[in-house]
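# Notes for the structure review
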Amino acid sequence: MTGEQSEHPPIGDTAGSPPTGGITRKKLLKAAVVAAPAPFLVGALPALAGNRTPSGQSLDPTPYCDDGDDPTPPQMEGPYFKPNSPQRTSMLDGTGTRLVLTGTVYGLACQPIANALLDFWQADANGAYDNTGFRFRGHQYTNSQGAFSLTTIVPGLYPGRTRHIHVKVQAPGRPILTTQLYFPGEPRNATDSLYNPALLMSIQNVGTERRATFDFVLNVNQTPGPTPTSTGTPPPSGTWRAGVSYPVGTQVSYNSLNYRCQIAHTSMVGWEPPNAPALWQRI
Ligand SMILES: [Fe+2]
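What counts as what
Residues numbered from 1 in each chain as written. Predicted model: local features only at pLDDT ≥ 70, side-chain atom pairs only at ≥ 80, totals over all residues. UniProt positions renumbered as here; feature names shortened; annotations may be inferred. Helix = DSSP H or I, 4+ residues; strand = E, 2+ residues; numbered from the N terminus. Buried ≥ 20, exposed ≤ 12 C-beta atoms within 10 Å, placed from the backbone. Contact = placed C-beta atoms within 7 Å. Pairing = 2+ DSSP bridges. Axes fitted to C-alpha atoms, helices over the stretch in contact; angles between N-to-C directions. Core = buried A, V, L, I, M, F, W, Y, C linked by C-beta atoms within 7 Å. Domains from an automatic or database assignment.

Per an unreviewed UniProt entry, the protein chain carries the name Protocatechuate 3,4-dioxygenase beta subunit and comes from Micromonospora polyrhachis. On record in UniProt, under Sequence similarities (unreviewed entry), the comment for the protein chain is "Belongs to the intradiol ring-cleavage dioxygenase family."

Structure, rendered in structure tokens:
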């Protein structure tokens, strides 16, 4: 398909590359997953935690969330993101192998982030993106424990790329993380220049479906203690209000600035228009 190749960064463009830094235990664990024979790939290690190698060898205790130095790396958006995706946790919009992806969104202090926005998009079983409608597109928010669950299908392949799922993740009032998730054991992982093993999901085969896990770590500073979920924004001036179901296209004002709703949602404290560019576009 035309345009698919544009998901590859031009030579010399490192914008989509993960930040460089020291090798962490998590990266080593993920490298072990990549290198492991196929039978060990299925459910061998969760995406972020684990204290045994596939052979059962004990390792040093692993921090519950992360090593503290490597938030989930960004990747390029690609050509097929569309705003205004429907809010839903299931996007079974066509035939394919059922895939249930679950996980938690954390900040740098390993505290889960409630009400984080996740906006997923992917190809259908034939490797095609729906650019006229919203098949295999959907957004949701993490619950009070920072957890999310997406029911979808295993995306198909298209020329030039390995199998992947796109996602944007945003904590309230924080910048958007745009990245992609990958599947273990894919032959094209070895040849896709965008592929990053730090973005591998952990996948189990359960009957005819796949169950995947991936935990995001956002570059959000946190203080230990109860989950910080709100920016504590003082009451605004303007027409925007929390607790309102805003359809796409709604225009509101907030502290003397005007915004148009990009994704239908129910507003909440922490998702004020200036804090939620995925939801509100300045006009
Ligand atoms: Fe893609």
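## Comments concerning the overall build of the protein chain
Counting its regular elements, the protein chain contains two helices and 14 strands. Expressed as a percentage of the 283 residues in the protein chain, the buried residues total 35%. Partitioning the contacts of the protein chain with sequence separation of at least 6, the portion at a separation of at least 24 is 68%.

## A word on the environment of Gln-122
With respect to the element layout, Gln-122 can be found in the loop between β2 (117-121) and β3 (137-141). For Gln-122, a count of 27 C-beta atoms within 10 Å translates into the label buried. Spatially, the C-alpha atom of Gln-122 lies 8.7 Å from that of Arg-135, the residues being 13 residues apart in sequence. Residues within four places of Gln-122 in sequence aside, it is in contact with Phe-136, Thr-152, Pro-155, Ile-165 and His-166.

## A short note on the sheet that holds strand β14 (residues 280-282)
Strand order across the open sheet formed by three strands is β11-β12-β14, with antiparallel pairing between neighbours. The two strands at the open ends of the sheet, each matched to only one other strand, are β11 (251-254) and β14. On average, adjacent strands in this sheet sit at an angle of 40° to one another, irrespective of strand direction.

## Section: the nonpolar core
The biggest cluster of nonpolar side chains holds 48 residues, and the ones touching the most others in it are Val-105, Ile-113, Val-169, Met-201 and Leu-218. At the level of elements, β1 (98-106), β2, β4 (147-153), β5 (164-170), β6 (177-182), β9 (216-217), β11 and β12 (257-261) are the ones that each hand at least two residues to this core. Two domains each put at least three residues into this core: domain 1 (4-217) and domain 2 (245-282). Residues in contact with Val-105, not counting those within four places in the same chain, are Pro-112, Ile-113, Ala-116, Thr-142, Gly-146, Phe-148, Val-169, Phe-216 and Leu-218.

## Description of the environment of Leu-150
With respect to the helices, strands and loops of the structure, Leu-150 is situated in strand β4. Separated by 11 residues in the primary sequence, Leu-150 and His-139 have C-alpha atoms spaced 9.2 Å apart. Leu-150 has contacts with Thr-89, Leu-101 and Phe-120, leaving out every residue within four places of it along the chain.

## A short note on the sheet that holds β6
Taken in spatial order, the four strands of this open sheet run β3-β2-β5-β6, and their pairing is antiparallel. Two strands lie at the open edges of the sheet, namely β3 and β6, each paired on one side alone. On average, each strand axis in the sheet is tilted by 25° relative to the strand beside it, whichever way the strands run. In this structure, β5 lies alongside β6, joined through six bridges in antiparallel fashion. Residue His-166 lies in a different strand from β6, and its bridge partner there is Gln-180.

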